There are 2 protein chains.
Amino acid sequence: MNKQLIFKKRPVGMPDADTWQLETNPIPDPADGEVLIQHHYVSLDPAMRGWMNDSKSYIEPVQIGDVMRSGSIGVVVKSNNHRTFKEGDVLTGWGGVQQYAVTNGDNWYKVDTNLAPMPMYIGTLGMPGMTAYFGILQEGKIKEGDIVLVSGAAGAVGSIVGQIAKIKGCRVIGIAGGPEKCKYIIDELGFDGAIDYKSENLATALKRECPKGIDVYFDNVGGEILDTALTRLRTRARVVICGAISQYNNKTAVKGPSNYLSLLVNRASMQGMVVMDYAKDYGKAAQEMGMWMMQGKLKSKEDIYEGIENFHETFMRLFSGEKMGKLVLKVKED
Amino acid sequence: MNKQLIFKKRPVGMPDADTWQLETNPIPDPADGEVLIQHHYVSLDPAMRGWMNDSKSYIEPVQIGDVMRSGSIGVVVKSNNHRTFKEGDVLTGWGGVQQYAVTNGDNWYKVDTNLAPMPMYIGTLGMPGMTAYFGILQEGKIKEGDIVLVSGAAGAVGSIVGQIAKIKGCRVIGIAGGPEKCKYIIDELGFDGAIDYKSENLATALKRECPKGIDVYFDNVGGEILDTALTRLRTRARVVICGAISQYNNKTAVKGPSNYLSLLVNRASMQGMVVMDYAKDYGKAAQEMGMWMMQGKLKSKEDIYEGIENFHETFMRLFSGEKMGKLVLKVKED
């Protein structure tokens, strides 16, 4: 049987357990040209919260009654499309939160689990890693010597952003929640500085860690952190707007950055990004990041939970911050 | 004697009459290498409000006791620097709100009043015109067919922004206050559409005038207008942050654009600008704009008031909107 997480009710504010319903249905049969994939892992990402709102965005909202959309990785268990994929191939794509998915293979990619374990292909070598790679290089336009600030610094995207900036010769300061994460990004990932937004005054800490200001701010969180970071911009600074996790569960309007006129004063820019725009270059990026990993310059951390039944409480860790690195849910039952 | 407007008190909120004091002092003598300029006109610009705040910005704040900083234009009445400027030369520069200025000539430019009248050299051929030219072309990166929205559309900068966008083959919608200004930008300046923010619901009017959205928004005003414009961005839209006149006299925090995540969804950018960065190209821009004026493609309107004694009430027209085009104060007494 195929356990599927069905989207039942658009949340207002924080999603609760009634937002989804777990259903058990027969495993579908792949039609001619299709393959059946048994999911091992699904990807849990902040962007999923946005897809649940019925509003115009860069992608269609998830519809009530649909399987909850998510990235996923699994193994082909039946193929009626042998020219493209055969049984045993490991594929990653948009399979959704369910144990089995049927697809004609469009937008699914075969990966090599001898090079990296499955969870890494939906993390550092998947969407979050691609977001970090193209976000900091193409949108942030970092160059050697830049002072780079990143929020959500121990997270799936932020941890990679900071490490890539270090590889490129930048000074990197991370903002994270709690002493454990702050220690991790300095000791394990090699950041130059860390700010614990849960215990420190942000403005004071930013002056201490970035006394000369910021050339690039990579924002995953929005809210007060974005607003404070804007006060420290240097001339021609770039702010990359990747996400705003602090605002996704608002019941009232998003908090706009009241210090946005710092953009004017400092001739700075604020640039939004959507990783899908870079899809044609994912392969090249994954290759370069894989090389950095083999050279020990880039570390990847996945925080893996088990059981599709535990989707809701695991998903909520994205917003409580009770996780480290890339959040992954194992949905295959052993 | 030289009537000078001295900056006396940093305003909180709207400047009142006590913000400045008019003083009458002897006309200064130019030292060796200096010239004495009799001002005919001074320029009144929203940016002057920002210079009165004691905060870090792109330029030093005006200090208490100083002559109020402003652009100006006048005639050399005594020159001890004949190699550069001689008596009768018409010069424009940063002379401040006073009837006479002494300078060694640095950052002053000689202009030809046979080609254009003096007030135009502190308007369309001066700072506001340069702001419009470089703002819409270099920062807004307009191309033929773009849909361009501009706020403060009947003002010194906005009116030129819109006309340049028309010259470049864009569809141009202006936001202005009141039916007279809206009629002016359509009938006189050739805009494709106008929105009267004083009488119309902005969101509704924007849907009507920009049903396909906006490629470039040139913002002079900030506040609600910026926030609403953000809801209409097209993919890869550019928002040029030139000013935020609606926020300059706030006693509380600036209103941040709560719809800034439209930048993310639409992969759009918000770019701040300061015209001084383009100083080395002013000459080329003035030449091109002069040509457009001669061809009848670019119209310039100056709203000229008289008497340095009337500075305060004239200056306040910038914020009440009771003026049309470039606000200029004639300070020369006939």
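Note that the structure is a prediction, hence the values are computed from the model and not measured. (Residues numbered from 1 in each chain as written. Chains lettered and ligands numbered in written order. Predicted model: local features only at pLDDT ≥ 70, side-chain atom pairs only at ≥ 80, totals over all residues. Heavy atoms only, no water.)

Engineer: Please set out the domain arrangement of chain A residue by residue, giving values where relevant.
Structural biologist: Residue and element names in this part refer to chain A. Per the domain assignment, the segments of chain A are domain 1 (2-123 + 301-330) and domain 2 (127-276). When each unit is reduced to the centre of its C-alpha atoms, the spacing between domain 1 and domain 2 is 28 Å. The interface of domain 1 with domain 2 comprises 21 residues on the first partner and 17 residues on the second. The contact between domain 1 and domain 2 buries some 1,500 Å² in all, and 66% of this surface belongs to carbon and sulfur atoms. Among the residues of domain 1 in contact with domain 2, Tyr 58, Trp 94 and Met 324 are the three that bury the most area, contributing 28% of the side total. For the interface between domain 1 and domain 2, the tally reads 0 salt bridges. At the surface where domain 1 touches domain 2, the tally comes to 5 residue pairs in polar contact (both at pLDDT 80 or more). (Domains from an automatic or database assignment. Contact = heavy atoms within 4.5 Å. Buried area = accessible area lost by both parts, 1.4 Å probe. Salt bridge = Lys/Arg side-chain N within 4 Å of Asp/Glu carboxyl O. Polar contact = N/O pair within 3.5 Å; in protein donor to acceptor, adjacent residues only side chain to side chain.)

Engineer: An account of helix 6 (residues 202-209) of chain B is requested, with residue identities and associated values reported.
Structural biologist: All names here are of chain B. Those residues of helix 6 that fall on the buried side of the exposure criterion are Leu 202, Ala 205, Leu 206 and Glu 209. Looking straight down helix 6, one finds that the buried residues subtend no more than 100 degrees of arc, so they occupy a single side. With respect to the buried face of helix 6, the exposed residues turned more than 90 degrees away are Thr 204 and Lys 207. On its buried side, helix 6 packs onto strand 8 (147-151), strand 9 (171-176), strand 10 (193-196), strand 11 (214-219) and helix 7 (223-230). Where helix 6 starts, the residue carrying a side-chain oxygen 3.1 Å from the main-chain nitrogen of Ala 203 turns out to be Asn 201. (Buried < 20%, exposed > 50% of the residue type's maximum accessible area, 1.4 Å probe, protein only. Helix = DSSP H or I, 4+ residues; strand = E, 2+ residues; numbered from the N terminus. Arc of directions from axis to C-beta.)

Engineer: Mind laying out the pattern of salt bridges, listing which residues take part and the relevant values?
Structural biologist: Residues and elements named next belong to chain B. Under the definition given, this model contains 44 salt bridges over all chains. Where Glu 23 meets Lys 8, a salt bridge forms, and the shortest distance between an N and an O atom there is 3.8 Å. Pair noted here: Glu 23 is in strand 2 (residues 20-25) and Lys 8 is in the loop between strand 1 (2-7) and strand 2, with a separation of 15 residues, a long-range link. Here Glu 23 falls in the partly exposed class, since its relative accessible area comes to 25%. Among the residues examined, Lys 8 registers a relative accessible area of 35% and is labelled partly exposed. Across the pair Asp 29 and Lys 78 runs a salt bridge, and its minimum N-O distance is 3.5 Å. In this pair, Asp 29 sits in the loop between strand 2 and strand 3 (35-43) while Lys 78 sits in strand 4 (residues 72-79), placing the two residues 49 residues apart along the sequence. Judged by relative accessible area, Asp 29 falls into the exposed class, the value being 60%.

Engineer: Before we move on, can you summarise the relation of the copies chain A and chain B with the specific residues and values?
Structural biologist: Superposing chain A onto chain B requires a rotation of 180 degrees together with a translation of 0.0 Å along the rotation axis, leaving an RMSD of 0.0 Å. The two molecules are tied by a two-fold rotation axis, judged by turn and shift. No C-alpha of chain A approaches the rotation axis more nearly than that of Gly 256 of chain A, which lies at 2.2 Å. Of the residues that chain A buries at the interface, 100% are likewise interface residues in chain B, meaning the two copies contact each other through the same surface. (Least-squares fit on C-alpha atoms with pLDDT ≥ 70 in both.)

Engineer: Lay out the interface of chain A and chain B in plain terms, naming residues and giving numbers.
Structural biologist: Across the boundary between the two partners, chain A contributes 32 residues, which contact 32 residues of chain B. Both faces considered, chain A and chain B share a buried interface measuring about 2,600 Å² in area, 62% of it formed by carbon and sulfur atoms. The largest contributions to the chain A side of the interface with chain B come from Tyr 260, Leu 264 and Arg 267 of chain A, which together make up 26% of the buried area. Seen at the junction of chain A and chain B, the total is 4 salt bridges. Notably, a salt bridge pairs Arg 236 of chain B with Asp 277 of chain A, separated by 3.5 Å at the nearest N-O pair.

Engineer: Lay out the packing of aromatic side chains in plain terms, naming residues and giving numbers.
Structural biologist: All told, the structure shown has 18 aromatic pairs over all chains when counted by the stated rule. Between Phe 311 of chain A and Phe 315 of chain A the ring centres are 5.3 Å apart and the planes differ by 15 degrees, which places this aromatic pair in the stacked class. Of this pair, Phe 311 of chain A and Phe 315 of chain A are both found in helix 10 (residues 311-315), 4 residues apart, which corresponds to roughly one turn of the helix. Ring centres of Phe 315 of chain B and Phe 319 of chain B lie 5.6 Å apart, and the angle between their planes is 80 degrees; this geometry places the pair in the edge-to-face category. Between Arg 69 of chain B and the ring centre of Trp 51 of chain B, over which it is positioned, the NZ or CZ distance is 5.2 Å. (Phe/Tyr/Trp six-rings, centres within 6.5 Å; stacked < 30°, edge-to-face > 60°. Lys NZ or Arg CZ within 6 Å of the ring centre and 35° of its normal.)

Engineer: Give me the state of the cysteines: which residues, what numbers.
Structural biologist: Residues and elements named next belong to chain A. A full pass over the atoms with the stated rule returns 0 disulfides over all chains. Note on Cys 170: no disulfide assigned, nearest cysteine sulfur contributed by Cys 210 at a separation of 12 Å. Residue Cys 170 is classed as buried on the basis of its relative accessible area, which comes to 3%. (Disulfide = S-S within 2.5 Å.)

Engineer: Talk me through helix 5 (residues 179-188) of chain A; I want residue IDs and the actual numbers.
Structural biologist: Residues and elements named next belong to chain A. The set of residues buried in helix 5 consists of Lys 181, Cys 182, Tyr 184 and Ile 185. Considered in projection along helix 5, the buried side chains sweep an arc of 160 degrees and stay on one side of the axis. Seen from the open side of helix 5, the exposed residues pointing more than 90 degrees away from its buried face are Pro 179, Glu 180 and Lys 183. Of the surrounding secondary structure, the elements contacted by the buried residues of helix 5 are strand 9 (171-176) and strand 10 (193-196). Of the residues trailing helix 5, Gly 190 is marked for its positive phi of about 80 degrees.

Engineer: So what's going on with the pairing of strand 12 (residues 233-241) of chain A? Which residues, and what values?
Structural biologist: When a strand is regular, its side chains alternate between the sheet's two faces. All names here are of chain A. Here strand 11 (residues 214-219) runs beside strand 12; their pairing, made up of 5 bridges, is parallel. Paired with Tyr 217 across the bridge in strand 12 is Val 239. Where strand 12 and strand 13 (residues 269-272) come together, 4 bridges link them in parallel fashion. Looking across to strand 13, one finds that Arg 238 is bridged to Ser 269. (Pairing = 2+ DSSP bridges.)

Engineer: I'd like to hear about the pairing of strand 11 of chain B, residue by residue, with values.
Structural biologist: Residues and elements named next belong to chain B. In terms of burial, strand 11 is largely enclosed, as 6 of its 6 residues are buried. In the sheet, strand 8 pairs with strand 11 via 3 bridges, with the strands oriented parallel. Bridge assignment links Val 148 to a residue of strand 11, and that residue is Val 216. Considered for its hand, the β-α-β crossover made up of strand 11, helix 7 and strand 12 (residues 233-241) is right-handed. (Right-handed = clockwise from strand over helix to strand, strands pointing away.)

Engineer: Help me get a handle on the environment of Val 275 of chain B, residues and values and all.
Structural biologist: Residue and element names in this part refer to chain B. Secondary-structure assignment places Val 275 in the loop between strand 13 (269-272) and helix 9 (282-294). On the basis of relative accessible area, Val 275 is assigned to the buried category, the value being 9%. In this structure the C-alpha to C-alpha distance between Val 275 and Ala 229, which are 46 residues apart in sequence, comes to 23 Å. Contact partners of Val 275, with chain neighbours within four places excluded, come to Met 127, Met 130, Thr 131 and Tyr 282.

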